[in-house]
Amino acid sequence: MAGRLRSALASTVAASPIWAPRTRARLLRALGVRVHGSARVYPWIRFVGGVDHLEIGRGAFVNVNATIGANARVVIGDRVHLGPGVSLLPTSHEIGPREQRAGAPVSAPITIGAGAWLGAGVTVLGGVTIGEGCVIAAGTLVSADTQPDGVYGGVPARLIRRLGASGPEPAASGAEPTPSPFE
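Definitions and limits used
- Residues numbered from 1 in each chain as written.
- Predicted model: local features only at pLDDT ≥ 70, side-chain atom pairs only at ≥ 80, totals over all residues.
- Heavy atoms only, no water.
- Helix = DSSP H or I, 4+ residues; strand = E, 2+ residues; numbered from the N terminus.
- Rg over C-alpha atoms; globule rule 2.2 N^0.38 Å.
- Buried < 20%, exposed > 50% of the residue type's maximum accessible area, 1.4 Å probe, protein only.
- Contact = heavy atoms within 4.5 Å.
- Areas by Shrake-Rupley, 256 points an atom, 1.4 Å probe, with all protein chains shown as cover.
- Lys, Arg positive; Asp, Glu negative; His and termini not counted.
- Charge placed at Lys NZ, Arg CZ, Asp CG, Glu CD.
- Pairing = 2+ DSSP bridges.
- Arc of directions from axis to C-beta.
- Patch = residues over 30% accessible without salt bridge, like charges linked within 9 Å, V, L, I, M, F, W, Y side chains within 5 Å.
- Salt bridge = Lys/Arg side-chain N within 4 Å of Asp/Glu carboxyl O.
- Phe/Tyr/Trp six-rings, centres within 6.5 Å; stacked < 30°, edge-to-face > 60°.

Asks: What exactly am I supposed to notice about the overall build of the chain here?
Replies: Along its length, the chain carries two helices and 19 strands. Scaling as 2.2 N^0.38, a compact globule of 183 residues should have a C-alpha radius of gyration of about 16 Å, and the chain matches this with 17 Å. In terms of overall dimensions, the chain has a C-alpha envelope of 55 × 50 × 20 Å along the principal axes. When each of the 183 residues of the chain is scored for burial, the buried share is 39%. When contacts within the chain are restricted to residue pairs at least 6 apart in sequence, those whose partners lie at least 24 apart make up 20%. For the chain, the computed accessible surface area is about 9,500 Å², with 59% contributed by carbon and sulfur atoms. Averaged over its 17 positive side-chain charges, the chain has a centre that lies 11 Å from the centre of its 11 negative ones.

Asks: I keep staring at the sheet that holds strand E9 (residues 87–89) and nothing clicks. Help me out?
Replies: By way of backbone hydrogen bonds, the strands of a sheet pair with one another, either parallel or antiparallel. One open sheet accounts for five strands, arranged E3-E6-E9-E14-E17; its pairing is parallel. Each edge of the open sheet carries a strand with a single partner, namely strand E3 (46–48) and strand E17 (141–142).

Asks: It is not clear to me how helix H2 (residues 21–30) should be interpreted in this structure. Could you clarify?
Replies: Along H2, the positions that sit buried rather than exposed are Pro21, Arg24, Ala25 and Leu28. Buried residues of H2, viewed axially, fall in a sector of 105 degrees; they line one side. Packing partners of the buried residues in H2 comprise helix H1 (2–11), strand E1 (34–35), strand E2 (40–41) and E3. Glycine 32 sits one or two residues past H2 and shows a positive phi near 115 degrees.

Asks: Is there a simple way to think about unusual backbone geometry in this case?
Replies: Note: most peptide bonds trans; most residues except glycine with negative phi. Here the bond from valine 155 into proline 156 is cis, since omega is -5 degrees, no more than 30 degrees from zero. Summarising the element assignment, proline 156 is placed in the loop between strand E18 (150–153) and strand E19 (158–162). Its identity as a non-glycine residue notwithstanding, serine 38 has a phi of 60 degrees, on the positive side. Along the chain, serine 38 turns up in the loop between E1 and E2. Unusually for a residue other than glycine, tryptophan 44 sits at a positive phi of about 65 degrees.

Asks: How should a nonpolar patch on the surface be read in this particular structure?
Replies: A cluster of nonpolar side chains, namely Leu5, Leu9 and Val13, defines an oily patch on the protein surface of about 240 Å² accessible area. In this structure, valine 13 sits in the loop between H1 and H2.

Asks: Explain the packing of aromatic side chains here, please?
Replies: Aromatic ring pairs: the centre-centre distance and the angle between the two ring planes describe each pair. Counted under the stated rule, the structure contains one aromatic pair. Residues tyrosine 42 and phenylalanine 61 carry aromatic rings whose centres are separated by 5.1 Å and whose planes lie at 55 degrees to one another, so their mutual orientation is tilted. With a gap of 19 residues between them, tyrosine 42 in the loop between E2 and E3 and phenylalanine 61 in strand E5 (residues 61–62) connect regions that are remote in the sequence. Taking the relative accessible area as the measure of exposure, tyrosine 42 reaches 26% and is therefore partly exposed. Overall, phenylalanine 61 belongs to the buried group, its relative accessible area being 14%.

Asks: Before we go on, may I ask you to explain the environment of serine 166 in this structure?
Replies: Among the structural elements, serine 166 can be located in the segment after E19. When the C-alpha atoms of serine 166 and serine 7 are compared, they prove to be 39 Å apart, with 159 residues separating the residues in sequence.

Asks: Just checking my understanding: could you explain the sheet that holds strand E8 (residues 81–82) for this structure?
Replies: In space, the seven strands of this open sheet follow the order E2-E5-E8-E13-E16-E18-E19, with mixed pairing throughout. A single partner strand is all that each edge strand has here, and the edge strands are E2 and E19. With four bridges joining them, E18 and E19 adopt antiparallel strand pairing. Each bridged residue has a counterpart across the sheet, and for tyrosine 152 the counterpart in E19 is leucine 159.

Spelled out as C-alpha cells, the structure:
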C-alpha cells in the first residue's frame, strides 16, 4: 500500500508544473526515488507502478511527459538528457495462447549510460543498456543494447554512425563509420 501511495504522489503532486525542476527532484527523493545531486526533472512525469527501482544520476535532465515503468531497476546515468515524451518500459508480457496473447508479465532492467542523450519520443524496452555517450534519435524504439558513442535511430534502433570522444567526428578506430541513411 505504501508503495502505491508513493507512486501516486510521485505521478501527481511531484509531477505538477507548480514545482521548479530541482524542487521536483527533491520531492521525488522524499518519495523513494534515488535522485542524485543537480538532477532536473520537469513536469508531468508518470510512473507505471512504484518508484522504488528508479535512480537518476548527477546532472541528469528528465524533460516533460516522461513515462517510467517500475517493475525492474531503471538507471538514468550521470548527465543523461531525456527529451520530451521518453518512455522507459522495463515490463512486457510473455506471448500467451490465442485466448489471451498478453501472457505473464516479464521485467528486465534498463540502464542508460553516462552522458547519453535520448531525443523526443524515444521508447526503451526492458533488458536494454544504452552505452555511455550515445545519441538516440527522436522517435526511436530501443529493444537491444547499444554500444557507447554511437548515434542510433529507427524502429527498431540501428547504428547510424559512431561518435568521437569530443563530438561528431568519427572515432579513430580504423573501422569505417556506418553511413547515415540521410546522406
